[in-house]
There are 2 protein chains.
Amino acid sequence: MKDPLQDLIQAYHELNAAVVEELWEEPSALEFMRYVAKNRPFVVRQAAIDWRAVERWDAGYLRKEMAGKEVNVAVTPLGNADAVVESPSGSKIFVEPFETSEPFDSFLDAVQASSSKGANDTSNARYAQTQNDNLRNEYSSLYRDVPADIPFARIALSQPAEAINLWLGNDRSVTSLHKDNYENIYVQIRGQKQFVLMPPIEMPCVNEQLLGKGRYATTSEKETQARSDEELIIERDANAEPVPVAIWDPDLPNQNPTPYSHLAQALRVTLQEGDLLYLPSLWYHKVSQSVGEEGFVCAVNYWYDMEFAGQHWVTSSLVRDVYWEEEMKVRYPDLDLDEEGSDEVD
Amino acid sequence: MKDPLQDLIQAYHELNAAVVEELWEEPSALEFMRYVAKNRPFVVRQAAIDWRAVERWDAGYLRKEMAGKEVNVAVTPLGNADAVVESPSGSKIFVEPFETSEPFDSFLDAVQASSSKGANDTSNARYAQTQNDNLRNEYSSLYRDVPADIPFARIALSQPAEAINLWLGNDRSVTSLHKDNYENIYVQIRGQKQFVLMPPIEMPCVNEQLLGKGRYATTSEKETQARSDEELIIERDANAEPVPVAIWDPDLPNQNPTPYSHLAQALRVTLQEGDLLYLPSLWYHKVSQSVGEEGFVCAVNYWYDMEFAGQHWVTSSLVRDVYWEEEMKVRYPDLDLDEEGSDEVD
Ligand SMILES: O=C(O)CCC(=O)C(=O)O
Ligand SMILES: O=C(O)CCC(=O)C(=O)O
């Protein structure tokens, strides 16, 4: 018997090399639209080399521009914001970071002081990673140092950026594998980022599970700012709907695989300062980082609403639905799933 | 139990209105690329109104330009080239036309003399419909009357047209529901065409069957030109591989439906003289026609190679594979299809 999902993944690889195309010049709007149509990523090396942000954003400049401002910070024990945590009993939970607001200055101090290279570093990891258009809000004094929008994307997609986000942290933070409903233009300002990318049709490889939700919290009742050395505990949210989370990690392929994981061909690309990545909508991505000269990593990204019309969105959902239908048969082989009224997956 | 194919078709309709978008100006290359990315059709009313072909192609002009030339003609009893024919016993076969070469002049005579309105017309239907770049070959003397290429498509797709075809016949010919691996720009010159269009994800609705192949042939051994009143017989090709053919007709929805056919929402559009249609790759289309003033129908189309990279092609194949997997279970419920070595569908 043929397996439609296996055939899909294999046919995709026959027609699409597992590499991120490398450009040395920005595409025109039309050229960009061809990548959007194909839903394929590319990197433009040194595209942002003349941005004021790339020229100016050292720690001193950032401290001056952000002087006196409070910023939102995600605090986690291990740099694991929005990630799966396994309890000693082996049950998995999707944990959001402790979110706090603190003066930019002391936030940057903590980021620069901590690093995965300091083996004894037991402090909490801090990451400014709110994806709520923060560069035009919290960090608006820095917004003038980047283009107001990305012309080729704005023209091609016929819309302004929906959100422009600043990401500031260090090499202890890793963003675990997930996908977004956005076309994403991601620009590296300081340090490096290692992206691991998987196309939407590789959904059967990522071992999506419905997990309960939790959130890191401080133990001291009144504390709203988690001190850097304070222990964070996980508070389960018993009322939250379970969320679908990828639990397979392309960097640890033998842990939590599905029968399809071995077919995955993840794409890998490292962004250097000034590089620009087009990360197409619905692609899975895992992001690790290395700090720059001054001990921090900084990037800016532009999110554009994706197109839900046409076939892209609905066929990506089909892959998921077919995978889940199969998965339910494996999990509940004795259930007559063709009967009305049986359990449904959604 | 959810049905992934039903959900796919319904989600598609929620996100895509079942109408052909109507423009009154040619799109730019970038605007066109947005339609290609969405794989959605549009019509540009009167886009070709200034083409020399639309201004000049009356019967007299065509006869003059084509004087002395032989052309390839598809001859069928009922205007059913490349169509399903049912034997009295109910078995279906996919029948190609009798193909002959004849002087353009007598071909056009026969086209103009015959019409579905003449109820007593028992002559064979004739249709110039070779899709082999005929406008730059057989009909090259007419090629100068149309643009050498369609600029917005050539620029957007970054390639010249792969084939430019002339279609010349009358209202007795109907092109039955099928799809092509091409991006298609279709321009009406004389008469009207009624297009019925279905998106690739509606594959589960069209009742694709693997049919044996045949071809119309003349009965008289030596005859190579089928006379207009001569009886054509079907010659089965016993050596040909069966071909997948859609046997559901959106105009006769109660005949040969699948469990999904009632979910189809076919799009309908009539092209008037000078109208241009973008017919996206892999869309099912059925085409009927009405003659112009002089009793013939004429159109020109430009075929561009489609993009096989990205997700469009492979996810369209997934829909087909999932449909066939289900279909095999319905047809052979007792077969253990999960065993290696069982029958395969391809
Ligand atoms: O930079 C990161 O840590 C993650 C980036 C990301 O997930 C995104 O841009 O969607
Ligand atoms: O005009 C016709 O009869 C059919 C056109 C067609 O099938 C095509 O352009 O692909």
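Residues numbered from 1 in each chain as written. Chains lettered and ligands numbered in written order. Predicted model: local features only at pLDDT ≥ 70, side-chain atom pairs only at ≥ 80, totals over all residues. Heavy atoms only, no water.

Caption draft 1: Fine view of the site of ligand 1. Residues and elements named next belong to chain A. As a structural note, the neighbourhood of ligand 1 is formed by Tyr 127, Trp 167, Thr 175, His 178, Asp 180, Asn 184, Tyr 186, Lys 193, His 285, Val 287, Asn 301 and Trp 303. Tyr 127 has a polar side-chain atom sitting 2.6 Å from an oxygen atom of ligand 1. In the model, an oxygen atom of ligand 1 is placed 3.0 Å from a nitrogen or oxygen of the Asp 180 side chain. The fraction of the free accessible surface of ligand 1 (290 Å²) that becomes covered by protein chains is 100%. For the shell around ligand 1, a count of residues per class yields 5 nonpolar, 5 polar and 2 charged. (Near = heavy atom within 4 Å. Polar contact = N/O pair within 3.5 Å; in protein donor to acceptor, adjacent residues only side chain to side chain. Areas by Shrake-Rupley, 256 points an atom, 1.4 Å probe, with all protein chains shown as cover. Nonpolar A, V, L, I, M, F, W, Y, C, P; charged D, E, K, R; others polar.)

Caption draft 2: Highlighting the interface of chain B and chain A. At the junction of the two partners, chain B supplies 46 residues and chain A supplies 46 residues. The interface formed by chain B and chain A contains 0 salt bridges. Between the two partners, chain B and chain A, sit 8 residue pairs in polar contact (both at pLDDT 80 or more). Those elements that place two or more of their residues in the side of chain B that touches chain A are α1 (4-15), α2 (29-38), α7 (151-157) and α8 (312-331) of chain B. In terms of residues, the side of chain B that touches chain A owes the most to one element, α8(B), which gives 11 residues. Looking at the side of chain B that touches chain A residue by residue, the class counts come to 25 nonpolar, 9 polar and 12 charged. (Contact = heavy atoms within 4.5 Å. Salt bridge = Lys/Arg side-chain N within 4 Å of Asp/Glu carboxyl O. Helix = DSSP H or I, 4+ residues; strand = E, 2+ residues; numbered from the N terminus.)

Caption draft 3: Seen up close, empty space enclosed by the protein. Residues and elements named next belong to chain B. Under the criterion given, the structure shown has 4 cavities of 30 Å³ or more. Considered as a void within the structure, the second largest cavity measures approximately 110 Å³ in volume. Lining the second largest cavity are 15 residues, and of these Trp 167, Thr 175, Tyr 186, His 285 and Val 287 sit closest to its centre. Residue assignment for the lining of the second largest cavity shows that the elements contributing at least two residues are β9 (175-178), β10 (182-190), β11 (192-198), β17 (284-290) and β18 (297-305). (1 Å grid on protein atoms, 1.4 Å probe; cavity = no way out; pocket = protein on both sides within 12 Å on 5 of 7 lines; lining within 4 Å. Points joined across faces, edges and corners; volume = space filled by probe spheres on them.)

Caption draft 4: Spotlight on the sheet that holds strand β15 (residues 267-271) of chain B. Residues and elements named next belong to chain B. Pairing is antiparallel across the open sheet formed by 4 strands, whose spatial order is β9-β17-β11-β15. Either end of the sheet is taken by a strand with one partner, and the two such strands are β9 and β15. Averaged over all adjacent pairs, the angle separating strand axes in this sheet is 15°, with direction ignored. (Pairing = 2+ DSSP bridges. Axes fitted to C-alpha atoms, helices over the stretch in contact; angles between N-to-C directions.)

Caption draft 5: Main features of the pattern of salt bridges. Residues and elements named next belong to chain A. Per the counting criterion, the structure on display carries 39 salt bridges over all chains. The shortest N-O distance in the salt bridge between Arg 190 and Glu 273 comes to 3.4 Å. Within this pair, whereas Arg 190 is found in strand β10 (residues 182-190), its partner Glu 273 is found in the loop between β15 (267-271) and β16 (276-279), the two being separated by 83 residues in sequence. Judged by its relative accessible area of 13%, Arg 190 is buried. One salt-bridge network, held together by shared partners, links Glu 96, Glu 99, Lys 213 and Arg 215. (Buried < 20%, exposed > 50% of the residue type's maximum accessible area, 1.4 Å probe, protein only.)

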